[in-house]
Amino acid sequence: MAKTAKKKPPADPMPRRIDPCVATLVDKPPKGPEWAFEVKWDGYRLALHVAPGEVRAITRGGYDWTKKFGSIVAEARELVHASLIIDGEAVVLDEQGRSDFGLLQRAVGRKPSLHDANEIIFYAFDLLYLDGHDLRSLPLAERRRRLEPIVADRRGAIRFSEEIHADGAEFFRAACELGLEGIIAKRRDAPYRSGRRPEWLKIKCARRDTFVIVGYEPSTMPGAVGRLLLAAKKGNGLVYVGGCGTGWSNKEAVELRELLDAIPAARPPVVLKRKGAVFSEPLLVADVEYRAWTQDGKLRHPSFKGVKKRTRNMKIYSQDE
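Residues numbered from 1 in each chain as written. Predicted model: local features only at pLDDT ≥ 70, side-chain atom pairs only at ≥ 80, totals over all residues. Heavy atoms only, no water.

## Digging into the overall build of the protein chain
Item 1. Secondary structure assignment for the protein chain yields five helices and 17 strands.
Item 2. Counting only C-alpha atoms, the protein chain reaches 100 × 45 × 40 Å along its principal axes.
Item 3. For the protein chain, the residues scored as buried account for 48% of the 321 residues in total.
Item 4. Once local pairs closer than 6 in sequence are excluded, the contacts in the protein chain between residues at least 24 apart make up 68%.
Item 5. Accessible surface for the protein chain amounts to roughly 17700 Å². Of this, 51% is attributable to carbon and sulfur atoms.
Item 6. Across the protein chain, 56 positive and 43 negative side-chain charges occur, with their mean positions spaced 3 Å apart. (Helix = DSSP H or I, 4+ residues; strand = E, 2+ residues; numbered from the N terminus. Buried < 20%, exposed > 50% of the residue type's maximum accessible area, 1.4 Å probe, protein only. Contact = heavy atoms within 4.5 Å. Areas by Shrake-Rupley, 256 points an atom, 1.4 Å probe, with all protein chains shown as cover. Lys, Arg positive; Asp, Glu negative; His and termini not counted. Charge placed at Lys NZ, Arg CZ, Asp CG, Glu CD.)

Listed below in structure tokens is the structure:
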């Protein structure tokens, strides 16, 4: 009797969308050989869906942004597999090779910019589906082992997000010194699960400096500040470095406005045309925690930590240093 040919197991249907795994914010890197570390890219989270005759770029929120990432989509068509889903981050790098979210926003925006969509790079860090097989139940180490030969040698619009083989604390310290946003830690043995998960951790770099308060923008809450207007030293004067609108309670917002209304400025201490701005004499300073600087010299993600009177020998952030 002739042997019956074994049937191949049915292929896993390719999902139209996978909710991404989202890292949990923690204060410090974990320890142990079970953790893998990567750079935390500062961009748009994307899933690249490659199928016969179709490539889609899907955002974390489920939006189809295929048209915004033309160079990435074009290169994805060259990947030598019939179907795959790659998880990663779309970024634009600055002159120091650091991902810069502001540059990315301008590259995908409608307004004219020095940066265009061809500068956007997709850093691939996970493989969720490959040629008919759903890989999400596999450990991270195995998923990345399969991803690496697909994208590792590419230097164009699609690149491999390398694992950094180092102690987590040392890597985090080096990342912050280089001005990176932070690092990501992932358990090598964990499957891929959607939603915010403890198997993926993010540790963000934060800077803290003192800036002069030169005014405020009123809040919608009566008698309170909505944003503090901040300045740094430059030469013999001050230069505006952005507004800070978080970090205080409602009570503190009212107290800050009372302090600033008591020292109104006869003329603006900085060059700033902003509707609704109320300027004050530069006699108070704010202790501010922030992520980084934008290309145009403004604070990124500033958060208020305290206020005090300005003194002659006080250390104020200077753009001359």
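Moving on from the coordinates now.
## Structural notes on the sheet that holds strand β1 (residues 21-25)
Item 1. What the four strands build is an open sheet, ordered β1-β10-β9-β2; its pairing is mixed. Only two strands of the sheet have a single neighbouring strand rather than two, namely β1 and β2 (35-39). Taken over all neighbouring pairs, the strand axes of this sheet differ in orientation by 40° on average, direction set aside.
Item 2. Summarising the sheet, β1 and strand β10 (residues 195-204) pair through five bridges and their orientation is parallel. Note on β10: the bridge partner recorded for T24 is L201. (Pairing = 2+ DSSP bridges. Axes fitted to C-alpha atoms, helices over the stretch in contact; angles between N-to-C directions.)

## As for unusual backbone geometry
Item 1. The residue D131 is not glycine, and still its phi comes out positive at about 45°.
Item 2. Relative to the assigned elements, D131 resides in the loop between β6 (121-130) and β7 (133-134).
Item 3. The phi torsion at H301 lies on the positive side, around 55°, for a residue other than glycine.
Item 4. Within the secondary structure, H301 sits in the loop between β16 (299-300) and β17 (303-309).
Item 5. Taking the relative accessible area as the measure of exposure, H301 reaches 48% and is therefore partly exposed.

## A closer look at the environment of S71
Item 1. Tracing the backbone through its elements, the reader meets S71 in helix α1 (residues 70-76).
Item 2. Spatially, the C-alpha atoms of S71 and A232 are 39 Å apart, while their sequence positions differ by 161 residues.
Item 3. Setting aside residues no more than four positions away along its own chain, S71 makes contact with A117, N118, I120 and A157.

## A few points about the side chain of R300
Item 1. Mapped onto the elements, R300 comes out in strand β16.
Item 2. Within the local environment of R300, its side chain forms a polar contact with the side chain of H301, the two groups lying 3.1 Å apart.
Item 3. Once residues within four sequence positions are removed from consideration, R300 is found in contact with D42, F101, Y290, R291, A292, W293 and T294. (Polar contact = N/O pair within 3.5 Å; in protein donor to acceptor, adjacent residues only side chain to side chain.)

## Some details on the sheet that holds strand β11 (residues 207-218)
Item 1. Spatially, β13-β12-β11-β14-β17 is the arrangement adopted by the five strands of the open sheet, whose pairing is antiparallel. The sheet is open, and its two edges are formed by β13 (237-244) and β17, each paired on a single side. Averaged over all pairs of adjacent strands, the angle between their axes in this sheet comes to 45°, without regard to strand direction.
Item 2. Pairing of β11 with strand β14 (residues 278-290) involves nine bridges; the strand directions are antiparallel. Looking at β14, one finds that D209 is bridged to V288.

## Some remarks on the environment of A262
Item 1. Among the secondary structure elements, A262 is positioned in the loop between α5 (250-261) and β14.
Item 2. Separated by 18 residues in the primary sequence, A262 and S280 have C-alpha atoms spaced 8.3 Å apart.

## Brief notes about the pairing of β14
Item 1. For β14 and β17, the ladder comprises six bridges, and the chain directions are antiparallel. For D287, the partnering residue across the bridge sits in β17 and is G306.

## Here we look at the pairing of β2
Item 1. Along β2, five of the five residues are buried, which leaves the element largely enclosed by surrounding structure.
Item 2. As paired elements, β2 and strand β9 (residues 182-187) share five bridges and run antiparallel to each other. When the sheet's bridge partners are listed, V39 is paired in β9 with I183.

## Section: the packing of aromatic side chains
Item 1. Applying the stated criterion across every chain, the model contains twelve aromatic pairs.
Item 2. When the centroid spacing of 6.1 Å and the interplanar angle of 80° are considered together, the rings of F125 and W200 count as edge-to-face. Within this pair, whereas F125 is found in strand β6, its partner W200 is found in strand β10, the two being separated by 75 residues in sequence.
Item 3. By relative accessible area, F125 is classed as buried at 6%. (Phe/Tyr/Trp six-rings, centres within 6.5 Å; stacked < 30°, edge-to-face > 60°.)

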